[in-house]
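What follows is each chain in one-letter form.
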Amino acid sequence: MSMAEHLFFTGEKGVGKSTLVGGLLALHRGSLGGFFTVKARDVIPGETTVHLLRADLREIPCRKNLLFCCGRRGQSAAERFDRLGCAALAVPVPGLFVMDELGPHEVQAEAFCRAVLNVLDGPVPVLGVLQRADSPLLRQVASHPRVRMVEVPRENRDGLARSLAGWCG
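The structure reproduced in this document is the subject of the present report. Just so you know, these numbers come straight off a predicted model, no measurement behind them.

**Observations regarding the overall build of the protein**
The number of helices and strands found in the protein is 5 helices and 7 strands. When its helices and strands are written in sequence order, the protein yields β-α-β-β-β-α-β-α-β-α-β-α. In terms of C-alpha radius of gyration, the protein reaches 15 Å, essentially the compact-globule figure of 15 Å for 169 residues. Dimensions of the protein, computed from C-alpha atoms along their principal axes, come out at roughly 40 × 35 × 30 Å. A burial count over the protein gives 47% of its 169 residues as buried. Of the roughly 8,900 Å² that the protein leaves accessible, carbon and sulfur atoms contribute 52%.

In structure tokens:
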């Protein structure tokens, strides 16, 4: 089996990294594994929350897939990252893994961090997003020999999407 090449986007907040992932996924015809992290404002009244949604299920944000509440100090999401993230990455050999997105909140989730690195060492290509932040996991992903990091510039996101269209095809 040939070694997979993984593609990860990084860039400023709001530049369109996840939009770019969505556009490439629209071209993908195979099965998906992995996850999307999304913010929600209607799951817990008065709170902005972050959820981990499995790519192989058509999930919507709910208390079952809650990672953490934004702005709350001192909360640890490690157990939830380990439980939800490891389950999302345990899909048996999909055509493509999605990791949208990895950030610094995962640093204490040791099982999840191991699962991410195991997927990168495996045979299935990964399409993902790395937040622009510093953590051991983010450094390991960015420096992985099979990961291609692509900076998403605000002014040329659409051109970048066209140039990468064959990646998922």
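**Looking at the nonpolar core**
Within the largest apolar cluster, 30 residues are counted, with the highest numbers of intra-cluster contacts made by Phe8, Leu89, Met99, Leu102 and Val141. Of all elements in the fold, only β3 (49-54), β4 (66-69), α2 (78-89), β5 (96-102), α3 (110-121), β6 (126-130) and α4 (136-143) reach the threshold of two or more residues within this core. It is α3 that provides the largest number of residues to this core, a total of 7 residues. By size, the runner-up hydrophobic cluster in this structure holds 16 residues, among which are Val15, Val129, Val150 and Leu164.

**Looking at the sheet that holds β4**
The 7 strands are arranged β4-β3-β2-β5-β6-β1-β7 in an open sheet whose pairing can be described as mixed. Edge positions in the sheet fall to β4 and β7 (147-151), since each of these pairs with one other strand and no more. In this sheet, adjacent strand axes meet at a mean angle of 20 degrees when their direction is disregarded.

**Some points on the packing of α2 against α3**
Relative orientation of the contacting elements α2 and α3 amounts to 20 degrees, with a least axis distance of 8 Å. Classified by the angle their axes make, α2 and α3 are roughly parallel. Once α2 is placed against α3, the crossing between them reads as left-handed. For the pair formed by α2 and α3, the contact residues are Phe81, Asp82, Gly85, Cys86 and Leu89 on the first element and Glu110, Ala111, Phe112, Ala115, Val116 and Val119 on the second. The residue makeup of the contact of α2 with α3, split by class, is 8 nonpolar, 1 polar and 2 charged.

**A closer look at α4**
Listed as buried for α4 are Leu137, Leu138 and Val141. Taken around the axis of α4, the buried residues stretch over an arc of 95 degrees, which confines them to a single face. Taken together, the buried residues of α4 touch β1 (6-10), β5, α3, β6 and β7.

**Describing helix α1 (residues 17-25)**
It helps to recall that an α-helix has 3.6 residues per turn; residues three or four apart then point in one direction. Among all positions of α1, only Lys17, Leu20, Val21, Leu24 and Leu25 are buried. Buried residues of α1, viewed axially, fall in a sector of 135 degrees; they line one side.

**Some thoughts on the pairing of strand β2 (residues 32-40)**
Judged from the 5 bridges that link them, β2 and β5 form a sheet pairing that is parallel. The residue bridging Leu32 from the neighbouring strand is Leu96, located in β5. The pairing of β2 with β3 spans 6 bridges and is antiparallel. Bridging across to β3, Val38 finds its partner in His51.

**Digging into the packing of aromatic side chains**
Evaluated as defined, the whole model comprises 2 aromatic pairs. Here Phe81 and Phe112 contribute two aromatic rings whose centre-to-centre distance is 5.6 Å and whose plane-to-plane angle is 35 degrees, an arrangement assigned as tilted. Taken together, the residues Phe81 in helix α2 and Phe112 in helix α3 connect sequence positions 31 residues apart. Here Phe112 falls in the buried class, since its relative accessible area comes to 0%. Each member of the aromatic cluster is reached from another via a ring pair, and the members are Phe35, Phe81 and Phe112.

Reading the values: rules and limits
Residues numbered from 1 in each chain as written. Predicted model: local features only at pLDDT ≥ 70, side-chain atom pairs only at ≥ 80, totals over all residues. Heavy atoms only, no water. Helix = DSSP H or I, 4+ residues; strand = E, 2+ residues; numbered from the N terminus. Rg over C-alpha atoms; globule rule 2.2 N^0.38 Å. Buried < 20%, exposed > 50% of the residue type's maximum accessible area, 1.4 Å probe, protein only. Areas by Shrake-Rupley, 256 points an atom, 1.4 Å probe, with all protein chains shown as cover. Core = buried A, V, L, I, M, F, W, Y, C linked by side-chain atoms within 4.5 Å. Pairing = 2+ DSSP bridges. Axes fitted to C-alpha atoms, helices over the stretch in contact; angles between N-to-C directions. Parallel < 35°, antiparallel > 145°, perpendicular 65-115°, else oblique. Left-handed = near helix turned anticlockwise from the far one by under 90°. Contact = heavy atoms within 4.5 Å. Nonpolar A, V, L, I, M, F, W, Y, C, P; charged D, E, K, R; others polar. Arc of directions from axis to C-beta. Phe/Tyr/Trp six-rings, centres within 6.5 Å; stacked < 30°, edge-to-face > 60°.

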